[in-house]
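# Structural features, examined
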Amino acid sequence: MFIEVVFPLHFRKAFTYSVPKELENYLKPGIRVVAPFGPRVMTGVVVSLLEQKPAIKEEIKAIQDVLDFKTVVSEKDFHFYQWLSDYYLCGLGESLKLAFPQGTDIESKKRIIPDKEFSLKLFSEEENKTSIKAKILKVVSEKDSISLRQLQKLVKKKNIYSVLKKLESLGAITVHNEVEEARVKEKKVTFIKLAKPVDEIYSFLPEFERRSAKQFNLLLKLISLKAEIPLSELIAKEEISRASVKSLENKGFVRLYEKRVERIFSDKYFEEFVDFKLTEDQTHVIGEVTKKINEKKFSVTLLHGVTGSGKTQVYIELIKHTLQLGKTVILLVPEISLTPQITNRLKNNFGEEVSVVHSKMSLGERFDTWEKILDNKSKVIIGARSALFSPLQELGLIIVDEEHDNSYKQDDQTPKYQARDAAIMKGKFFDCPVLLGSATPSIESMYNALSQKYSLLELPQRVDDAQLPKITLVNVVDEKKNKRMENVFSQLLLSKIDDRLKKKEGIIILQNRRGFATQIYCLECANIEFCDSCSVSLVFHINEKKLRCHYCDFEKKIPENCSQCGSKHLKYFGTGTERVEDELAIHFPEAIISRIDSDSISKKGNLGNILRRFRDGEINILVGTQIVSKGMDFPHVTLVGVVSAETNLWMPDFRADERTFQLLTQVAGRSGRSKIEGEVVIQTQNDKHFVLRKVIENDYKGFYEKEILDRNKRSYPPFMRLALIEAKDKNESRAKEVITDFYNEIKKFKNYLVVTSPTTAIIAKLKDEYRFQILIKSSRLTDPGGGHLRQAITMAFEHSRKNSKLQDVKVFFDIDPQNIL
């Protein structure tokens, strides 16, 4: 028996393997196998079974093991993952890796065992102590053993294989291939229960009471429980020794056994079930989408509903109907911040049929959730973009909430997919409707709706007779001139906060920057403290008393003197959430203030706990980054303050205006979600800016009409398709040479592509790697599916690599980039 297998590598082809007789019955497409790949052992996915031995000259190796005994990737799934691979220009194995939980693969890793004395001797004989060979010898002479990955990191070079081979031939090191087991497996716990009938045990209790008080108490506890209990829990609660348990087991009074337990994520946020009365607008939307669900055919509907218009309740009603048809549902939300409230509401309606999938879960929790879905025990999946790849079958509806959000784009690893667009394609392959929801739809989605590619439905009014909040712009330039600023706060905003605190109403303050100060600046020489590995300034975090890079997590102590001139005249510039929180505490010492950003909610359960306390009035003021703008529904919030409207507006990105409009409209929508009137105060340096005027007027239509004209004029989406090509390497000249070689090939396609010359990325260096980019545009009129664009990129890459000596320089393709920084 022979099979074809793909691996999570950037290869566009499958590899042929033979199957040992004892494994033949388990093999089918869509399951994972462990197989040798070159000198390594890796986990791959079976894509096809071959009826006869293929006519190839190379030796056909045998697979070593099978990891799955159920089909994980169905035929429809295969079509979806193949599309993902083709569209985002990655290997099929790379896209299929998304279908499986992290930490379950088996693979081999190289480990170096050195002769420390001989390595030290060779190092002392090296003339050039800065050479790669010398650096390797220095590191291994100090280690009993070291992994290849760790060694590459310490010497700051990836391609060290030839040097290792030479050192191994000299006898300085030995290189081993070690197979690492999966990092996560099913969890088994030892349970204890009575081994005899209770009546029988009662007759022995007087003897146990006389001879062993501990064993007597243990038996009484188990009798009162009337059920099994994890042994560790019993020992911790009752202070019972394992010796007592063992003695009772030997006497036949208790039984110990292993049992699998499910690891379930809990976010410490709970709401009471509320039975909502639907508005006429909600009823109309539900009716229209229900028709599409009943048809069981692919379609895309854009739901444009103002903030507070009850989109979540619409989703719940549609999910109810889909489940009644025996179908399943995926509900995507852009970030973890949306999951505590909306997840709780789903669980109140659908109970154990709901499963959550997102990055804050442990590997074990994600694995158990994945298996639960695979066993058809979950019918509704909610989560961030990775939830899209859950192994649900019988899909009846896919919902993408806050479809405009740029966090749906995966941009830090391959494949660089857009979850909203991928959800639409999954709906197409599974022949089910897709619903996109937002108060501020992306320009592309609204264009598709107005072009009748999508259906358009609207919720123009808030529920419960709530009104949209009154928005006030405060020009901080004028306020400073008139001495009406108290550091980062205008006196107007402070007075509004004071008023709402006296009324015991909720307040949200947005500042879309983490940390205390965004720069440390020398007044003598104008030096700014930069990250050693990235071309970005270090951010001052006051609670940790450290400077930190928000890109690579590099940290260092706060300098007493300027690192360039030695001056002590250092000044902190820029405002982050920590500073906002700090200043609010000075102005309002009696108020309970809490902060929500990626620093404060990194610990599991923190976010749910903060949101619960804010809902219950235990927290008066919530300070946060853009997280606070997303999906939070607290009726007692009547004031939203924005410290600086310009944090996104000044970004050198064609989407800057759109993102600013979306962020400010969304955060403003957190205010006044009940019959109590809400208010929003936005501090800005330019209160005449077009985007801010449209936010005040709540005029999405007016903003869209101007933005779509600008996009057409400047040749940006939705009229053009974009691709960002990036080369990066620790050596600047190598990265530049590779991007130049690629440019010389891609410019041959300039007849139907617009190709920019190679440029340094706006953030020129990230994580010790220099970055160069090319932006490519393809007209949707002549290339509607983007096939010409992808073919040109593939051919240019292959030709530029053919004769290149720099094969190890990393080149990335980002189709439909959301960020060009």
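Details of the structure are given in the entry above.
Residues numbered from 1 in each chain as written. Predicted model: local features only at pLDDT ≥ 70, side-chain atom pairs only at ≥ 80, totals over all residues. Heavy atoms only, no water.

What follows concerns helix H1 (residues 75-87). Taking 1.5 Å per residue as the helical rise, H1 with its 13 residues ought to reach 18 Å, and the 18 Å between its terminal C-alpha atoms agrees with that figure. Taken together, the buried positions of H1 are Asp 77, Phe 78, Phe 80, Tyr 81, Trp 83, Leu 84, Ser 85 and Tyr 87. Summarising the contacts, the buried residues of H1 are in contact with strand S4 (40-50), helix H2 (92-96), helix H16 (419-430), strand S32 (720-729), helix H27 (787-802) and strand S36 (810-815). Looking one or two residues beyond H1, the residue adopting positive phi is Leu 89, at roughly 55 degrees. (Helix = DSSP H or I, 4+ residues; strand = E, 2+ residues; numbered from the N terminus. Expected span 1.5 Å × (residues − 1). Buried < 20%, exposed > 50% of the residue type's maximum accessible area, 1.4 Å probe, protein only. Contact = heavy atoms within 4.5 Å.)

What follows covers the packing of aromatic side chains. Applying the stated rule across the entire model yields 32 aromatic pairs. Here the aromatic rings of Phe 7 and Tyr 17 are separated by 6.0 Å at their centres, their planes lie at 70 degrees, and the arrangement is edge-to-face. Of this pair, Phe 7 sits in the loop between strand S1 (2-6) and strand S2 (15-18) while Tyr 17 sits in strand S2; the two residues are 10 residues apart in sequence, bridging distant segments of the chain. Of the two residues examined, Phe 7 and Tyr 17, each falls in the buried class. (Phe/Tyr/Trp six-rings, centres within 6.5 Å; stacked < 30°, edge-to-face > 60°.)

A word on the sheet that holds S2. With antiparallel pairing, the five strands of this open sheet are ordered in space as S2-S1-S4-S3-S5. Of all the strands in the sheet, just S2 and strand S5 (65-66) have a single pairing partner and so form its edges. (Pairing = 2+ DSSP bridges.)

Its location among the elements puts Arg 711 in helix H25 (residues 700-714). By relative accessible area, Arg 711 is classed as buried at 2%. Once you skip the residues sitting within four places of it in the chain, Arg 711 turns out to touch Ile 443, Glu 444, Phe 654, Arg 655, Glu 658, Tyr 716, Pro 717, Pro 718 and Phe 719.

It is characteristic of soluble globular proteins that their nonpolar side chains tend to be buried jointly. Counting residues in hydrophobic clusters, the biggest one holds 111 residues, and the most contacted among them are Ile 596, Phe 742, Ile 746, Ile 776 and Ile 793. With residues near it in sequence (within four places) discarded, Ile 793 still touches Leu 89, Ala 723, Ile 725, Phe 742, Ile 746, Ile 776, Phe 813 and Ile 815. With 26 residues, the next largest nonpolar core counts Ile 293, Val 314, Leu 331 and Leu 397 among its residues. (Core = buried A, V, L, I, M, F, W, Y, C linked by side-chain atoms within 4.5 Å.)

The next subject is the pattern of salt bridges. Applying the stated criterion across every chain, the model contains 63 salt bridges. The closest approach of N and O atoms between Lys 185 and Glu 181, which form a salt bridge, is 4.0 Å. On the accessibility criterion, Lys 185 (49% relative accessible area) is partly exposed. Across the pair Glu 207 and Arg 211 runs a salt bridge, and its minimum N-O distance is 3.5 Å. Linking Glu 207 with Arg 211, this pair stays in helix H8 (residues 205-211), spanning four residues, or about one helical turn. (Salt bridge = Lys/Arg side-chain N within 4 Å of Asp/Glu carboxyl O.)

Next up on the list: the sheet that holds strand S19 (residues 470-475). Strand pairing within a sheet occurs via backbone hydrogen bonds; the two strands may be parallel or antiparallel. Spatially, six strands are ordered S19-S31-S30-S22-S29-S28 in an open sheet, and the strand pairing comes out parallel. Each end of this open sheet is capped by a strand with a single partner; those strands are S19 and strand S28 (593-596). For this sheet, the mean inter-axis angle between neighbouring strands, taken without regard to orientation, is 20 degrees. Two strands pair when backbone bridges link them, and strand S22 (residues 506-510) and strand S30 (residues 637-642) are joined in this way by five bridges, in the parallel orientation. Looking across to S30, one finds that Ile 509 is bridged to Gly 641. Sitting on the sheet, helix H20 (residues 577-587) is in contact with S22, S28 and strand S29 (621-624), with an inclination near 175 degrees to S28. (Axes fitted to C-alpha atoms, helices over the stretch in contact; angles between N-to-C directions.)

Attention now moves to the environment of Leu 89. Topologically, Leu 89 is positioned in the loop between H1 and H2. For Leu 89 and Tyr 417, which are 328 residues apart along the polypeptide, the C-alpha to C-alpha distance reads 10.0 Å. Aside from chain neighbours lying at most four places away, what touches Leu 89 is His 10, Arg 12, Arg 790, Ile 793, Thr 794, Phe 813 and Ile 815.

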